[in-house]
Every structure is written in C-alpha cells, then in structure tokens.
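Chain residues, written in single-letter form:
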Amino acid sequence: MMDDRNTNLDGDRAQMGEAPPRSDTPNRPTRSSPRREVQSSEFDANRPTVIALLYLASFVTGITGLVGVVLAHVWQGERAEGWMASHYTYLIRTFWFAFLAGIVAFLLSMVLIGFLLFPVIAIWFGVRSVMSLMKAQRREPMPDPQTLLF
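Cut-offs and rules
Residues numbered from 1 in each chain as written. Predicted model: local features only at pLDDT ≥ 70, side-chain atom pairs only at ≥ 80, totals over all residues. Heavy atoms only, no water. Phe/Tyr/Trp six-rings, centres within 6.5 Å; stacked < 30°, edge-to-face > 60°. Helix = DSSP H or I, 4+ residues; strand = E, 2+ residues; numbered from the N terminus. Buried < 20%, exposed > 50% of the residue type's maximum accessible area, 1.4 Å probe, protein only. Lys NZ or Arg CZ within 6 Å of the ring centre and 35° of its normal. 1 Å grid on protein atoms, 1.4 Å probe; cavity = no way out; pocket = protein on both sides within 12 Å on 5 of 7 lines; lining within 4 Å. Points joined across faces, edges and corners; volume = space filled by probe spheres on them. Nonpolar A, V, L, I, M, F, W, Y, C, P; charged D, E, K, R; others polar. Expected span 1.5 Å × (residues − 1). Contact = heavy atoms within 4.5 Å. Axes fitted to C-alpha atoms, helices over the stretch in contact; angles between N-to-C directions. Parallel < 35°, antiparallel > 145°, perpendicular 65-115°, else oblique. Left-handed = near helix turned anticlockwise from the far one by under 90°. Salt bridge = Lys/Arg side-chain N within 4 Å of Asp/Glu carboxyl O.

Caption draft 1: Broad picture of the packing of aromatic side chains. Counting across every chain of the model gives six aromatic pairs. Judged by centre distance (6.1 Å) and plane angle (10 degrees), the ring pair of Phe95 and Phe99 falls under stacked. Separated by four residues within a single helix, Phe95 and Phe99 lie in helix H4 (residues 83-108), roughly one turn from each other. Residue classification places Phe95 among the buried positions, given a relative accessible area of 12%. Connected via pairs of aromatic rings, a cluster forms that spans Tyr55, Phe59, Phe95, Trp96, Phe99 and Phe125. If you follow Arg128 out to its NZ or CZ, it ends over the ring of Tyr90, 4.0 Å from the centre.

Caption draft 2: Region of interest: the layout of surface pockets. Quantified by volume, the largest pocket comes out at close to 410 Å³. In this structure, the largest pocket is lined by 15 residues; those nearest its centre are Ala98, Phe99, Gly102, Ile121 and Phe125. Residue composition of the lining of the largest pocket, grouped by class: eleven nonpolar, four polar and no charged.

Caption draft 3: Quick look at helix H2 (residues 47-61). In this model H2 runs 20 Å from its N-terminal to its C-terminal C-alpha over 15 residues, within 8% of the 21 Å that 1.5 Å per residue would give. Taken as a whole, H2 has its buried residues at Pro48, Thr49, Ile51, Ala52, Leu54, Tyr55 and Ser58. Summarising the contacts, the buried residues of H2 are in contact with helix H3 (64-77), H4 and helix H5 (114-137). Looking one or two residues beyond H2, the residue adopting positive phi is Gly62, at roughly 90 degrees.

Caption draft 4: Molecular detail of the packing of H2 against H3. In contact at an axis separation of 7 Å, H2 and H3 are set at 160 degrees when each is read in the N-to-C sense. Taken together, the axes of H2 and H3 lie roughly antiparallel to each other. Considering only the axes of H2 and H3, their crossing is left-handed. Seen from H2, the contacting residues are Arg47, Val50, Ile51, Leu54, Tyr55, Ala57, Ser58 and Thr61; seen from H3, they are Thr64, Gly65, Val67, Gly68, Val69, Leu71, Ala72 and Trp75. Of the residues that constitute the contact of H2 with H3, the class distribution is ten nonpolar, five polar and one charged.

Caption draft 5: Spotlight on unusual backbone geometry. One non-glycine residue, Leu112, lies in positive phi territory at about 70 degrees. Looking at the secondary structure, you find Leu112 in the loop between H4 and H5. For Arg139, which is not a glycine, the phi torsion comes out positive at approximately 55 degrees. Along the polypeptide, Arg139 turns up in the segment after H5.

Caption draft 6: Focus on the pattern of salt bridges. The full count for this structure, using the stated rule, is four salt bridges. Ionic contacts of the salt-bridge type, sharing partners, join the residues Lys135, Arg138 and Glu140 into one network.

Coordinates in, geometry out; function isn't part of it.
Below you can see the structure in the form of structure tokens.
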C-alpha cells in the first residue's frame, strides 16, 4: 500500500508556491532553514554597511553622509549590542571629525593651507568608511572605535 502523507504534503507545497524538497540534495537550504552565515561571495546589507555606503556615496552626492550620520545616531540609540555597537561609534566619530576638519580646512583656505587639507580629509574619511564596510561584511567589531587613525 502506498503512503499518501508524502504526496499530500508535496501537493500542499505546490499549491503554496513552494517546491517539494529534493532527496538528491540533502544539504540544500530551504526557506524554513535558519539563516546561514555570510560567505565571502554574498553581500550582507546590515546597518553599519548601509551607513558606510552612504558615507562613500557622499563623495558623489554630497548629502548622503548627513543621512548616514543621522541613521548611525538613531540606530545607536536603539541600544546596539555586539559587533554593531563598535561600528556605530566608529562611523559617528568618522563623520564628525571629518566635518570639523573640513571647517578648519575651510578657514585655513584663506591662507592657502586649507586647500592642502581637503584631499587629506577626503582620503581619511574614505579609508575609514571602507574599513568599516569590510569589517561589517564579515560581522566583525571595529578593533578600536575610539581611534582617529584608521
């Protein structure tokens, strides 16, 4: 006698738009399986990654860095724990120190020294954003979020 339980289950899955599990691929993840760890080939759009990308996009748009720092302050206020907390501190400090350095460079540009500082500030800002982005993709905390150098 044939077992109807398996065929009914497969029919129910087909009606719900899901494919029945295949027995020839036992390690194949399904929708009900827990979330896998991020592999090197996958992009993880976690919150610190979003902020770092907004910072990098500010080189083109000019305004997304402000959006990024607002999001960082809001998300940090949600009592972030674990590896994300160090990223929020690191990214917030990156924005505000770059902003203050930009003001100083602007004031010093009246004596022509500030024009030399703008590229240095941009490189510093970009390197810190990329470092946070790379660590966030691996879900690793920033080693020393209070530092000003990389």
